[in-house]
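Observations on the three-dimensional arrangement
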Amino acid sequence: MNSVLLAFAALDPRLATDCRLLSLRQHEVAVRIGVHDFEHHGPQRLWFDIDLCVPLGDAPAAQDDIADTLDYDFIR
């Protein structure tokens, strides 16, 4: 079993068997963040790793059809 699913299972054991894992790796976002003067001159790059545990009922993948696909663009 995937170690990320095991981490979700620590929260709730059902997540390990009733979910599909969706991962977004090294998603880069330019943000203005910081307290130092040099940090205020422009955006800095931040990278995010995001893991979603999607209930199988919300993403059944019963067939290869876009209508059965979870739209995860809102996370990005």
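Just so it is clear, the model here is predicted, and its values are computed rather than measured.

The next point concerns empty space enclosed by the protein. Evaluated as defined, the whole model comprises one cavity of 30 Å³ or more. Size it by volume and the largest cavity reaches roughly 40 Å³. If you list the elements that add at least two residues to the lining of the largest cavity, you get β1 (19–31) and β2 (44–55). Each residue belonging to the lining of the largest cavity can be placed in one class, and the counts come to six nonpolar, one polar and no charged.

Another aspect to go through is the pattern of salt bridges. Considering all chains together, one arrives at two salt bridges under this definition. Of the charged contacts in the structure, one is a salt bridge between Asp12 and Arg14, with a shortest N-O distance of 2.5 Å. Owing to a relative accessible area of 19%, Asp12 belongs among the buried residues under this scheme. A salt bridge links Asp51 to Arg25; the nearest nitrogen and oxygen atoms lie 2.7 Å apart. Linking Asp51 in strand β2 with Arg25 in strand β1, this pair joins segments that are 26 residues apart in sequence. By relative accessible area, Asp51 is classed as partly exposed at 26%.

Each value, and the rule that gives it
Residues numbered from 1 in each chain as written. Predicted model: local features only at pLDDT ≥ 70, side-chain atom pairs only at ≥ 80, totals over all residues. Heavy atoms only, no water. 1 Å grid on protein atoms, 1.4 Å probe; cavity = no way out; pocket = protein on both sides within 12 Å on 5 of 7 lines; lining within 4 Å. Points joined across faces, edges and corners; volume = space filled by probe spheres on them. Helix = DSSP H or I, 4+ residues; strand = E, 2+ residues; numbered from the N terminus. Nonpolar A, V, L, I, M, F, W, Y, C, P; charged D, E, K, R; others polar. Salt bridge = Lys/Arg side-chain N within 4 Å of Asp/Glu carboxyl O. Buried < 20%, exposed > 50% of the residue type's maximum accessible area, 1.4 Å probe, protein only.

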